[in-house]
Amino acid sequence: SAEEALAKLRAGPPLRAVITDYHMPGMNGAALVRELRKMPAYRFTPILVLTTESEQSKRDEARAAGATGWLVKPVASDKLIEVLRQVAPA
């Protein structure tokens, strides 16, 4: 759930990138992005939404919340790695 993700991200060291789904129990992925952007450690962290959802209004919602990108499942592992290298270079 997004609430569980928030708790873990608050308790642990900051990550270089975050990947979330749009559909989750409780708050959705756009709401999670919005909450993460309020945290200083995640204000500029790349956040990708990886989901089966392709509706433009949901993409717009996630973008407005601060999502860096949107990927529609299924995504080949090499494509995901390529995107991660683009948004969070080593």
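Above: the structure in question.
This one's a predicted model, so the numbers in the text were calculated from it and none came from an experiment.

What counts as what
- Residues numbered from 1 in each chain as written.
- Predicted model: local features only at pLDDT ≥ 70, side-chain atom pairs only at ≥ 80, totals over all residues.
- Heavy atoms only, no water.
- Helix = DSSP H or I, 4+ residues; strand = E, 2+ residues; numbered from the N terminus.
- Rg over C-alpha atoms; globule rule 2.2 N^0.38 Å.
- Buried < 20%, exposed > 50% of the residue type's maximum accessible area, 1.4 Å probe, protein only.
- Contact = heavy atoms within 4.5 Å.
- Areas by Shrake-Rupley, 256 points an atom, 1.4 Å probe, with all protein chains shown as cover.
- Lys, Arg positive; Asp, Glu negative; His and termini not counted.
- Charge placed at Lys NZ, Arg CZ, Asp CG, Glu CD.
- Pairing = 2+ DSSP bridges.
- Axes fitted to C-alpha atoms, helices over the stretch in contact; angles between N-to-C directions.

A.B. asks: Give a detailed account of the overall build of the protein, specifying residues and quantitative values.
C.D. replies: If you tally the helices and strands in the protein, you get four helices and three strands. Rg of the C-alpha trace for the protein: 12 Å, near the compact-globule value of 12 Å for 90 residues, within the 12% margin. Counting across all 90 residues of the protein, residues that qualify as buried make up 36%. Within the protein, contacts between residues at least 6 apart in sequence are counted, and of these 55% link residues at least 24 apart. Carbon and sulfur atoms form 56% of the exposed surface of the protein, whose accessible area is close to 5,400 Å². Computed over 13 positive and 10 negative side-chain charges, the separation of the two mean positions in the protein equals 7 Å.

A.B. asks: Can you tell me about the sheet that holds strand β1 (residues 18-20), naming the residues and giving the values?
C.D. replies: Pairing is parallel in the open sheet, where three strands are placed in the order β1-β2-β3. The two strands at the open ends of the sheet, each matched to only one other strand, are β1 and β3 (69-72). On average, each strand axis in the sheet is inclined to that of its neighbour by 25°, with strand direction left out of account. Pairing between strand β2 (residues 47-51) and β3: four bridges, direction parallel. Considered in β3, the bridge of Val49 is made with Trp70.

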